[in-house]
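# What the coordinates show
Here's the letter readout for the chains.
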Amino acid sequence: MTSLNHYALGAVASWLYEAVAGLQRLAPGWSRIRIAPHVGGELTHARAEHTTVLGTVAAGWRIEDRTMHVEVTVPAGAQAEVVLPLDPEGRSIQVGPGEHQWDYELPADYGIHPAFSMDTPLAELATDATMWTAIQKVLAAYLPGIPIDANDPQAGTISLNLMFQFIPHPPHGFREDLEATLADPEHADAVRPPAAPDSELAEMAELLSGKDFWSTHASADIRSLVLTDGPHGVRRQAEGADHLGIMDSLPATCFPTGAATACSFDTGLLEEIGRALGEECRTLGVDVLLGPGINIKRSPLGGRNFEYFSEDPLLAGALGAAWVRGVQGTGVGTSLKHFAVNNQETARMSISAEVDERTLRELYLAAFEIVVTQAQPTTVMSSYNAINGVFSSENHRLLTGILREEWGFDGLVVSDWGAVKDRVEALRAGLDLDMPGNDGASTQAIVDAVHEGRLDREAVEIGVERLRRLAQRITATPKADFDIEAHHALARRAAAESMVLLHNDGVLPLEAGTHVAVIGEFAIHPQFQGSGSSRVNPTRVDTPLEALRTALGADNVSFAPGYGTSANTDLLSEAVATARAAEVAVVFVGLDTSEQSEGFDRTDLRLPADQIALIRAVAEVRPVVVVLSNGGVVTMEEWHDQASAILETWTAGQGAGMAVADILTGAVNPSGRLAETIPLALEDTPSFLNFPGEHDVTRYGEGVFVGYRYYSTLGRPVRYPFGYGLSYTTFDRSLQVTVTGPDTALARVTVTNTGERTGSDVVQVYVAPAPSAVRRPVRELAGFTKVHLGPGESTTVELPLERRRFAHWDVNSNGWLVDPGRYAVELGISADQIIAAKEIELEGDTAPIPALTLESSVKDWFEHPVVGPLLQEAMTAGATPEQLAAAEENAHLLQMVETMPMAQFAQFPGVNLSGDTLNRLAARSTE
């Protein structure tokens, strides 16, 4: 406790120094700074400095011999506004990087009159007649009809600061006018009473923030709405919920999380889960269910990866759209989240994701675009983080330019809980609803901004209209109850469809009569979900141990915990003895909720050391089937080769226990396929050097090469690739491809079950790009579907390959571009195992040729189809045969200057290109 207090005191002291010195960050990464020193009281000097990603920022001031000295350090790449304290001219100066200093004399009256402040008792203020008269003018302007008598013994002891604590919503400008009057009594003459309250505006503004943690305000024609988590189960808190909204909730079905259901590759299943969630919302009084979460898994360390679907945007988008259709089909609203580039928990409230436009479009916005354009979610939730220096909740380009104007979204934008930094800027950017409630602070900020002309009243009206339409779109009728048993059965089936059999040397499926040793604490206390805002209070939980005893017979199943909350060699010895007495050991291991949660990222990919020791020790005496329960991938290199089989169950929901038994015994044929790559080591991951960033900035230096796009392109080995998964049966597959347009095609895949068991197969079609001016992944997922076949059964599926499956984002034209040329349409059983491919020729697009300017490169000028030949003609006009021969011989020297701006190149001796000639040629470049 002592060390904690020391830490707290140190943090407060650091904050005080920065506050007095005047350091204030205006943008992520300290790229914009405000330095406004606070001078007063007995202080004669202050200094503070802060280490930022750009360098050191510092501010200091001191008073010596009635002279003020101010010193400021601004790091490279930053801009600062410096407000000089006690400056007679009241200067506010904009400065760039470097060391800056100002020295000036203090005002003549500084220090002569009593130093009044907001903490001065009213009785003391009244001793100065001039000051007290001025203060009364300000009080009368803002608090008309409320007398303040400084001679009253009780009133005279309070200060202006204390008075403010009893004013629920102080009018905008009240404090500022008081402070200015304390510094200069004449300021009171310029104070004007605030405008009369606009009750209609205030009522509209109030609708645009929460009434409390989970519900919105109501008006005469807009009912209050209840919004609640989450993507894999309804987390509805009863009345009297805790103020953070994270404690116990009403019982609801806990379905498998996104990390699991994505491995089903089954849009029909996701839509079915969505319908069940919508029905539970109707029973529990929920209008908007906050999901789905479709952010890309940039790093396997992401603490919230258990909630998200995939490293691939097509898969995430298609599954997210199906989930939305399912929920909204019941009349309940959804909230697509977290928009956008929310790929880590570290510093999530302040981090700026620095990502280039092509990467943004192709990876981190693509899944959102699919859901918005194909499923029309009722709301979209903005994320906590900033994107390239602008917080998502206040990002006009993101919330209005892209979401509404480009994609046609017509719903409501809601903030993540507590994400809004500037309510007025957020509303102006297109964020309609600020959640949760904040006791009227957002309302007052909006009203003040409209009155002061900083915000158009129309923005408020538009936000209210969107809230009205949302209330009208939500047509769900209350339902007395939901079918608990049917929904549990769905959770069990979804879990089994999502589990991925990674390795099997023949030990699975377990045959009837086999004596099995079940080992591991997770077999009796399963880890079926992560932690944080999506944590569900399940209606029931199946345990793997009881499920296996039911499936195999209680006499055939023994148990040992194997590990516990602390190291215990007796547990390990007991587990080995239990395994030795059986024929096969099934070891349950994984990550508990303290290791996979919203709010923090993981630091490594290892299983706990005691679990690794358990697997290796048991494997020495009996064949081991490892059952993994983890929200994010784990490395298997310390124990993989000792395992006879490995089943990845992810965080598989409340039905995980029975689902595991179904897979291990063969009652259900495993059909899950990996929705994310399992690497050999953390150091192999593409974001390793950039994740999670530093100094409030994370750079997406890996670009579009995330997940399998990186590993497959570099040929880097992985433990298990994207799309991988085993089955107890076998399939034969064939591919046909037809070009259907200048930039579209149709893939036909025939699948035959050639084994003896009924099972499902995931059809995966990839596209390998044509030669391009930009670096592209060697292949990208272009289509998928799941087929269910009995032994000997065959089916043919068609997967349309639309334009976007061949396109990349072209930064020059600011749009999607399909390169003309030869593409390969590939049929894979994973991203690394292609079993068939067909080449097709596409006309594609003719890339727009940018207009030339004098700043265009020499290479651009010579390669321009119109200007290039004219330029060569102009340069060789009048040249002698000898000069032409020399130019021919030294043509390679042009490479030395090809990146030089033409304006500079034209000035070289002997080039002979006048400004008029270049201007005339540049004009021809647009023909």
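Look a little higher up for the structure.
Structure report, in brief. (Residues numbered from 1 in each chain as written. Predicted model: local features only at pLDDT ≥ 70, side-chain atom pairs only at ≥ 80, totals over all residues. Heavy atoms only, no water.)

## Examining the overall build of the chain
- Looking only at helices and strands, the chain features 26 helices and 32 strands.
- Projecting the C-alpha coordinates of the chain onto the three principal axes gives extents of approximately 100 × 95 × 55 Å.
- Every one of the 927 residues in the chain was classed for burial, and the buried ones make up 54%.
- Contacts in the chain between residues far apart in sequence, at least 24 positions, make up 72% of those at least 6 positions apart.
- Put simply, the chain shows about 39,100 Å² of open surface, and 51% of that area lies on carbon and sulfur atoms.
- The positive charge centre, built from 66 side chains, and the negative charge centre, built from 122, are 5 Å apart in the chain. (Helix = DSSP H or I, 4+ residues; strand = E, 2+ residues; numbered from the N terminus. Buried < 20%, exposed > 50% of the residue type's maximum accessible area, 1.4 Å probe, protein only. Contact = heavy atoms within 4.5 Å. Areas by Shrake-Rupley, 256 points an atom, 1.4 Å probe, with all protein chains shown as cover. Lys, Arg positive; Asp, Glu negative; His and termini not counted. Charge placed at Lys NZ, Arg CZ, Asp CG, Glu CD.)

## Considerations on the packing of aromatic side chains
- All told, the structure shown has 15 aromatic pairs when counted by the stated rule.
- With centroids separated by 5.8 Å and ring planes inclined at 40°, the aromatic side chains of Trp214 and Trp417 adopt a geometry described as tilted. One end of the pair, Trp214, is in the loop between helix H6 (199–207) and strand E9 (227–229); the other, Trp417, is in the loop between strand E16 (412–415) and helix H13 (423–429), and 203 residues separate them in sequence. As far as the burial class goes, Trp214 and Trp417 line up, both buried.
- Members of the aromatic cluster, each reached through a chain of ring pairs, are Phe265, Tyr708, Phe722, Tyr766 and Phe784.
- Here Arg91 stacks its cationic end above the ring of Tyr104, 5.6 Å away from the centre of that ring.
- When the ring centre of Phe391 is taken as origin, the NZ or CZ atom of Lys421, which lies over that ring, is 4.2 Å away. (Phe/Tyr/Trp six-rings, centres within 6.5 Å; stacked < 30°, edge-to-face > 60°. Lys NZ or Arg CZ within 6 Å of the ring centre and 35° of its normal.)

## Some thoughts on the environment of Glu511
- For Glu511, the position within the fold is in the loop between strand E17 (500–504) and strand E18 (516–519).
- The exposure class assigned to Glu511 is exposed, which follows from its relative accessible area of 59%.
- Taking the C-alpha atoms as reference points, Glu511 and Ala46, 465 residues apart in sequence, are found 77 Å from one another.

## Side note on unusual backbone geometry
- For the bond running from Lys337 to His338, omega is -10°, close enough to zero to count as cis.
- Relative to the assigned elements, His338 resides in strand E11 (residues 333–339).
- The omega torsion across Met435 and Pro436 is -5°, close enough to zero to call that bond cis.
- One can find Pro436 in the loop between H13 and helix H14 (441–451).
- At Asp65, a position not held by glycine, the phi torsion is positive, near 55°.
- Tracing the sequence through the fold places Asp65 in the loop between strand E4 (55–64) and strand E5 (67–74).
- Judged by its relative accessible area of 76%, Asp65 is exposed.
- Even without a glycine there, the phi angle at Asp696 is positive, about 65°.
- Within the secondary structure, Asp696 is located in the loop between helix H20 (656–665) and strand E23 (697–699).

## Remarks on the side chain of His217
- Turning to its location among the elements, His217 is positioned in the loop between H6 and E9.
- Overall, His217 belongs to the buried group, its relative accessible area being 15%.
- Within the structure, His217 has its side chain in polar contact with the backbone oxygen of Gly210 (distance 3.4 Å).
- When residues no more than four places from it in sequence are discounted, the contact partners of His217 are Glu206, Leu207, Ser209, Gly210, Lys211, Arg223 and Ser224. (Polar contact = N/O pair within 3.5 Å; in protein donor to acceptor, adjacent residues only side chain to side chain.)

## Thoughts on the pairing of strand E2 (residues 32–35)
- Judged by which residues are buried, E2 turns out to be one-sided: Ile33 and Ile35 face inward and are buried, whereas Arg32 and Arg34, on the alternate face, are not.
- Where strand E1 (residues 23–25) lies against E2, three bridges are found, and the strand directions are antiparallel. Paired with Gln24 across the two strands is Arg34, which belongs to E2.
- Inspection of the sheet shows E2 paired to strand E6 (residues 79–83) by four bridges, in the parallel sense. Across the sheet, Ile33 pairs through a bridge with Ala80, a residue of E6. (Pairing = 2+ DSSP bridges.)

## Considerations on the sheet that holds E23
- Pairing within the open sheet is mixed, and its four strands lie in the order E15-E14-E12-E23. Only two strands of the sheet have a single partner each, and these edge strands are strand E15 (390–391) and E23.

## A short note on the pattern of salt bridges
- On inspection of all chains with the given rule, the structure shows 54 salt bridges.
- The residue Arg275 makes a salt bridge to Glu271 at a minimum N-O spacing of 3.9 Å. Here Arg275 pairs with Glu271, and both are found in helix H8 (residues 267–284), just four residues apart, close to one helical turn.
- Notably, a salt bridge pairs Glu841 with Arg822, separated by 3.3 Å at the nearest N-O pair. On the criterion of sequence distance, the pair formed by Glu841 in strand E32 (residues 834–842) and Arg822 in strand E31 (residues 821–828) is long-range, its members being 19 residues apart.
- Residue class for Glu841 comes out partly exposed when judged on its relative accessible area of 46%. (Salt bridge = Lys/Arg side-chain N within 4 Å of Asp/Glu carboxyl O.)

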